[in-house]
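Take a look at the letters that make up each chain.
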There are 4 protein chains.
Amino acid sequence: MAKSSRNSKGDKYQKILDAALKVFAKKGFYSSKVSEIARLANVADGTIYLYFRNKDDILISLFEVEMQKVIDRLEEALAGEGDPRRKLEIFALTHLGMVDSRREVAEILQVEVRQSSKFMKDYHNEKFIQYLNIIASIVEEGQRQGLLRADINPDIAKRAFFGALDEMSVYWVLSTKRSFSLETAAQQISRCFLSGLLADKAD
Amino acid sequence: MAKSSRNSKGDKYQKILDAALKVFAKKGFYSSKVSEIARLANVADGTIYLYFRNKDDILISLFEVEMQKVIDRLEEALAGEGDPRRKLEIFALTHLGMVDSRREVAEILQVEVRQSSKFMKDYHNEKFIQYLNIIASIVEEGQRQGLLRADINPDIAKRAFFGALDEMSVYWVLSTKRSFSLETAAQQISRCFLSGLLADKAD
Amino acid sequence: MAKSSRNSKGDKYQKILDAALKVFAKKGFYSSKVSEIARLANVADGTIYLYFRNKDDILISLFEVEMQKVIDRLEEALAGEGDPRRKLEIFALTHLGMVDSRREVAEILQVEVRQSSKFMKDYHNEKFIQYLNIIASIVEEGQRQGLLRADINPDIAKRAFFGALDEMSVYWVLSTKRSFSLETAAQQISRCFLSGLLADKAD
Amino acid sequence: MAKSSRNSKGDKYQKILDAALKVFAKKGFYSSKVSEIARLANVADGTIYLYFRNKDDILISLFEVEMQKVIDRLEEALAGEGDPRRKLEIFALTHLGMVDSRREVAEILQVEVRQSSKFMKDYHNEKFIQYLNIIASIVEEGQRQGLLRADINPDIAKRAFFGALDEMSVYWVLSTKRSFSLETAAQQISRCFLSGLLADKAD
DNA sequence: CATGAATGAGCTTTCATTCAT
DNA sequence: AATGAATGAAAGCTCATTCAT
């Protein structure tokens, strides 16, 4: 079993993605070299092109695979819960929880993929839309149940809520000294969105 | 006509920044070529290096110049207003207003600068922090006046609010068909943050 | 046919050095273009960087490879000889002999490598020192045997002798019309060093 | 007299040469920038081209001016002396003495000018030949007087003698720890050439 | 005479991608 | 399927030189 690596034997596809994740997270997409991904994956440079069309394709595939994991994990977390208000809180906790547990994934999802025209214009980004629409669904559900106000457009709300969480993630990934925990951040953000900042309200 | 030289105009620094703005917005930083910026600025390639240390420096300078304009414009818009609740709404309107009126600037501020280590880790990004802290100040002011709830950390709120607006901008810049106006978006986002999504509240 | 690849031959390292030798000799190091070396070596520009770190490294490698050949050839020529007086003459003949048989090598060894800080200060130039020390050894040997005067510092003598030969080489390489042969030059130089210029002496 | 420098007023030619001397000695010809010479000379970049055709011309002019000084100094030193044997010693002492007193000049004369085809092939180098021929004249004079052996070709001797001194200079300029003085070196080199290395001779 | 901003050709070097084995 | 040596286009940057003022 001399040369084979941790992974059983033939799933080079996964080995390459694993390597790409580390390299992209460390250096950023443009500064990453295909040959470094190959080296880390214990694979020849040329082998990468048997599994991926080009360097962009690695990033996009990585994004989709990881996004799917995030979506799965999120749906699992939301599964038992009926109250859309609580669901938003769970969304926030799960989203930010991922930043801690899978920091490299977070760095790439945040930064690399929304990076530039190449990825946000040309590439339609189905998974991301799917992720955003989970929020929209929750809001719509709440509105149908009369629990959330009907005069807020769910398409606006989903982006506002996601944006708030995402900006927090960026901060979390980049900063070193932080005065609050991710749980606190998640709670405060969901509280903001649910109850608002105005003072004269019960929570 | 003080500084003019062989070339008619003279204010090459600005011409280069203007050109860079367009090129970066269209192609993204990494895919932009210095020579294209030069061409668009009607300037020789080498001239760029009389005004900027390197390609990175162009982006950073562009960011700081434009960010300063945004801050100035914002402070002007906030000048007459005393109520922090209204200030948040003005912030949202101004921020999103800029996306429409200066779309290219918006694209760069959003995408390029939050990009990656090169710009968010190494480069401290004073102007961005300054911008964020305008939100924090408004929130703190509201808290001191008893108008905004005291149990929300202004450092979290500022990022949540900015993130919500920024995500909306990204959507605005990238999408072509939109079902709502920017004014609507601004109002809905500030309403979300002030009054929350919960249904059982007066506005 | 072990290593061969797309290209017929395979021994690109040597092909590049051969090409570099010609180009450097013709144009001088600074005026030589890596792309011209590549063209002459029938190799792509990038290929050069698989074998050498940079342009400097080509020169240094060339120097060391050729210097080693010179040293080997010299030691072979000195092998059978016991008399240090005769050894100096052989050294001179071999050194100048090389100038004729490998003129391009001579041009580079002479001119490029003694050039300037980049190559004589930063790069320690082991091979050259080794070459010089062959002279010193011969002198010391002669002194021990009582054949050569003891009041001449071998470290001075080695440089004087080498310098005399080297200057002759420079002349030989650069001039076109010469009034004497290299053998004559070698003999006269070694005679100068052994017997001196003074008239009242037996040879 | 605000801006004018040490030199009286208009001899920018000299100021440029002085600056070039320092810059070339420090960085080497190819790594020296015309603009740095200009800066050091307190002169605009363009001004240099009023006095010199191009960068090469600065080096060549510098060479000729300095070589002339060396020749003048040498002829002065040789003036009173009639004995060609003593003249050779004076030549050696003067040549090496210059290395100490005008190290920068030495570095350039040695290294930069003999550097490459550009300067030794294309440029005929009259002054250098003149300098060499002083040695040849001394040798011929000695031969006519019967003091030096007639079977040594003065054209070979001149190069051998110069080469020995030059190599010593190179060593002197480049090395930091030396086990002998320049005077010793000069004496030993001239003794070598006069009396030879052979042991069985009176000095 | 003097200036120095502007030029732009031309350099080295990188690296995604290919393809003969 | 896998390799990895080879490719070569492409890019950022430098700097000798010019010329309008």
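Definitions and limits used
- Residues numbered from 1 in each chain as written.
- Chains lettered and ligands numbered in written order.
- Predicted model: local features only at pLDDT ≥ 70, side-chain atom pairs only at ≥ 80, totals over all residues.
- Heavy atoms only, no water.
- Helix = DSSP H or I, 4+ residues; strand = E, 2+ residues; numbered from the N terminus.
- Buried < 20%, exposed > 50% of the residue type's maximum accessible area, 1.4 Å probe, protein only.
- Contact = heavy atoms within 4.5 Å.
- Areas by Shrake-Rupley, 256 points an atom, 1.4 Å probe, with all protein chains shown as cover.
- Buried area = accessible area lost by both parts, 1.4 Å probe.
- Salt bridge = Lys/Arg side-chain N within 4 Å of Asp/Glu carboxyl O.
- Nonpolar A, V, L, I, M, F, W, Y, C, P; charged D, E, K, R; others polar.
- Least-squares fit on C-alpha atoms with pLDDT ≥ 70 in both.
- Near = heavy atom within 4 Å.
- Polar contact = N/O pair within 3.5 Å; in protein donor to acceptor, adjacent residues only side chain to side chain.
- Patch = residues over 30% accessible without salt bridge, like charges linked within 9 Å, V, L, I, M, F, W, Y side chains within 5 Å.
- Axes fitted to C-alpha atoms, helices over the stretch in contact; angles between N-to-C directions.
- Parallel < 35°, antiparallel > 145°, perpendicular 65-115°, else oblique.
- Left-handed = near helix turned anticlockwise from the far one by under 90°.
- Phe/Tyr/Trp six-rings, centres within 6.5 Å; stacked < 30°, edge-to-face > 60°.
- pLDDT = per-residue confidence, 0-100.
- Lys, Arg positive; Asp, Glu negative; His and termini not counted.
- Charge placed at Lys NZ, Arg CZ, Asp CG, Glu CD.
- Expected span 1.5 Å × (residues − 1).

1. What about the overall build of chain A?
- Helix and strand counts for chain A come out as ten helices and zero strands.
- Its helices and strands in sequence order give chain A the pattern α-α-α-α-α-α-α-α-α-α, from N to C terminus.
- Classification of the 203 residues of chain A by burial places 56% in the buried group.
- Looking at chain A alone, contacts between residues at least 24 apart form 70% of all its contacts between residues at least 6 apart.
- Entry remark: accessible area of chain A is about 9,100 Å², with carbon and sulfur atoms responsible for 49%.

2. Description of the interface of chain A and chain B
- If you look at the interface, chain A gives 52 residues, while chain B gives 55 residues.
- Of all residues in chain A, the largest losses of buried area upon contact with chain B belong to Arg 149, Glu 167 and Leu 197 of chain A, amounting jointly to 16% of the total for that side.
- Counting across the interface, chain A meets chain B through four salt bridges.
- Elements supplying a minimum of two residues to the side of chain A that touches chain B: helix 5 (84-101), helix 6 (103-112), helix 7 (117-120), helix 9 (154-174) and helix 10 (182-195) of chain A.
- Of the residues that constitute the side of chain A that touches chain B, the class distribution is 25 nonpolar, twelve polar and 15 charged.

3. Some details on the relation of the copies chain A and chain B
- Superposition record for chain A on chain B: RMSD 0.3 Å, screw rotation 179°, translation along axis 0.0 Å. Each copy turns onto its partner about a two-fold axis. Of the C-alpha atoms belonging to chain A, the one lying closest to the rotation axis is found on Gly 196 of chain A, 1.7 Å away.
- Counting the interface residues of chain A, we find that 96% of their copies in chain B are interface residues as well, pointing to one common contact surface.

4. Quick word on the protein's contact with DNA strand F
- In the vicinity of DNA strand F there are 35 residues, among which Thr 47 and Tyr 51 of chain A, Lys 33 of chain B together with Thr 47 and Tyr 51 of chain C approach most closely.
- Within the backbone of Gly 46 of chain A, one N or O atom sits 3.0 Å away from a base nitrogen of DNA strand F.
- One of the backbone N or O atoms of Lys 55 of chain D is found 3.0 Å from a phosphate oxygen in DNA strand F.
- For the surface near DNA strand F, the secondary structure elements donating two or more residues are helix 3 (45-51) of chain A, helix 3 (45-51) of chain B, helix 3 (45-51) of chain C together with helix 3 (45-51) of chain D.
- By residue class, the composition of the surface near DNA strand F is twelve nonpolar, twelve polar and eleven charged.

5. A short note on a nonpolar patch on the surface
- A cluster of nonpolar residues, Tyr 13, Leu 50 and Tyr 51 of chain A, forms a patch on the protein surface that exposes about 310 Å² of accessible area.
- Here Tyr 51 of chain A lies in helix 3.

6. Quick look at the protein's contact with DNA strand E
- Taken together, the neighbourhood of DNA strand E is formed by 33 residues, with Thr 47 and Tyr 51 of chain B, Lys 33 of chain C together with Thr 47 and Tyr 51 of chain D sitting nearest.
- Counting only atoms of DNA strand E within 4 Å of the protein, the sugar-phosphate share comes to 69%.
- Within the backbone of Val 34 of chain A, one N or O atom sits 2.8 Å away from a phosphate oxygen of DNA strand E.
- Contributions of two or more residues to the surface near DNA strand E are made by helix 3 of chain A, helix 3 of chain B, helix 3 of chain C together with helix 3 of chain D.

7. A few points about the pattern of salt bridges
- In this structure the tally under the stated criterion is 42 salt bridges over all chains.
- Ionic pairing is found between Asp 151 of chain C and Arg 149 of chain C, a salt bridge with its closest N-O pair at 3.0 Å.
- Connected via shared salt-bridge partners are Glu 66, Lys 69 and Arg 102 of chain A.

8. Structural notes on the packing of helix 5 (residues 84-101) of chain D against helix 9 (residues 154-174) of chain D
Residues and elements named next belong to chain D.
- Two numbers describe how helix 5 lies on helix 9: the axes approach to 10 Å, and their chain directions differ by 25°. By the criterion of interaxial angle, the relationship of helix 5 to helix 9 is roughly parallel. Between helix 5 and helix 9 the crossing geometry is right-handed. Counting all contacts with helix 5, which are made through Leu 88, Phe 91, Ala 92, His 95, Leu 96, Val 99 and Asp 100, the residues of helix 9 involved are Phe 161, Phe 162, Leu 165, Asp 166, Met 168, Ser 169, Trp 172 and Val 173.

9. Focus: the packing of helix 5 (residues 84-101) of chain B against helix 8 (residues 126-144) of chain B
Residues and elements named next belong to chain B.
- Contact geometry of helix 5 with helix 8 gives a least axis separation of 9 Å together with a crossing angle of 160°. Comparing their axes, helix 8 and helix 5 come out roughly antiparallel. Of the two possible hands of crossing, helix 5 and helix 8 adopt the one that is left-handed. Here Pro 84, Lys 87, Leu 88, Phe 91 and His 95 of helix 5 lie close against helix 8, whose contacting residues are Tyr 131, Ile 134, Ile 135, Ile 138, Glu 141 and Gly 142.
- Each residue belonging to the contact of helix 5 with helix 8 can be placed in one class, and the counts come to seven nonpolar, two polar and two charged.

10. Notes on the packing of aromatic side chains
- Across all of its chains, the model carries 46 aromatic pairs over all chains by this definition.
- A centroid spacing of 4.3 Å and a plane angle of 15° characterise the contact between Tyr 30 of chain C and Tyr 30 of chain D, whose relative ring orientation is stacked. Of this pair, Tyr 30 of chain C sits in the loop between helix 1 (12-27) and helix 2 (34-40) while Tyr 30 of chain D sits in the loop between helix 1 (12-27) and helix 2 (34-40), on two different chains.
- The class of Tyr 30 of chain C is partly exposed, set by a relative accessible area of 24%.

11. Brief notes about the environment of Ala 157 of chain A
Residues and elements named next belong to chain A.
- Mapped onto the elements of the fold, Ala 157 is located in helix 9.
- Distance from Ala 157 to Leu 132, taken between C-alpha atoms, is 9.8 Å for residues 25 residues apart in sequence.
- Ala 157 has contacts with Val 139 and Ile 152, leaving out every residue within four places of it along the chain.

12. Looking at the confidence of the model for chain A
- Here chain A shows a mean pLDDT of 87. Residues at 70 or above account for 87%.
- The low-confidence segment residues 1-9 of chain A, where pLDDT is below 50, has four contacts with residues more than four positions distant or belonging to other chains.

13. Quick word on unusual backbone geometry
Residue and element names in this part refer to chain B.
- Even without a glycine there, the phi angle at Asn 42 is positive, about 55°.
- Note that Asn 42 resides in the loop between helix 2 (34-40) and helix 3.
- By relative accessible area, which is 59% here, Asn 42 ends up exposed.

14. A short note on the environment of Lys 22 of chain C
Residues and elements named next belong to chain C.
- Secondary-structure assignment places Lys 22 in helix 1.
- Note: C-alpha distance between Lys 22 and Ala 77 (55 residues apart in sequence) is 26 Å.
- With sequence-adjacent residues up to four places away left out, Lys 22 is seen in contact with Leu 40 and Glu 104.

15. Comments concerning a positive patch on the surface
Residue and element names in this part refer to chain A.
- A contiguous patch of positive charge on the surface is contributed by Lys 26, Lys 27, Lys 33 and Arg 39.
- Here Lys 27 shows up in helix 1 (residues 12-27).
- In this structure Lys 27 comes out as partly exposed when scored by relative accessible area, which is 31%.

16. Points about helix 5 of chain B
All names here are of chain B.
- Across its 18 residues, helix 5 extends 25 Å between first and last C-alpha, which sits within 8% of the 26 Å expected from 1.5 Å per residue.
- Among the residues making up helix 5, those that are buried are Pro 84, Lys 87, Leu 88, Ile 90, Phe 91, Ala 92, Thr 94, His 95, Leu 96, Met 98 and Val 99.
- Of the residues that open helix 5, the one with a side-chain oxygen 2.7 Å from the backbone nitrogen of Arg 85 is Asp 83.

17. Some points on the environment of Ile 58 of chain B
Residue and element names in this part refer to chain B.
- Topologically, Ile 58 is positioned in helix 4 (residues 55-79).
- Residue classification places Ile 58 among the buried residues on the basis of a relative accessible area of 0%.
- A sequence separation of 45 residues divides Ile 58 from Tyr 13, and the C-alpha atoms of the two residues are 9.9 Å apart.

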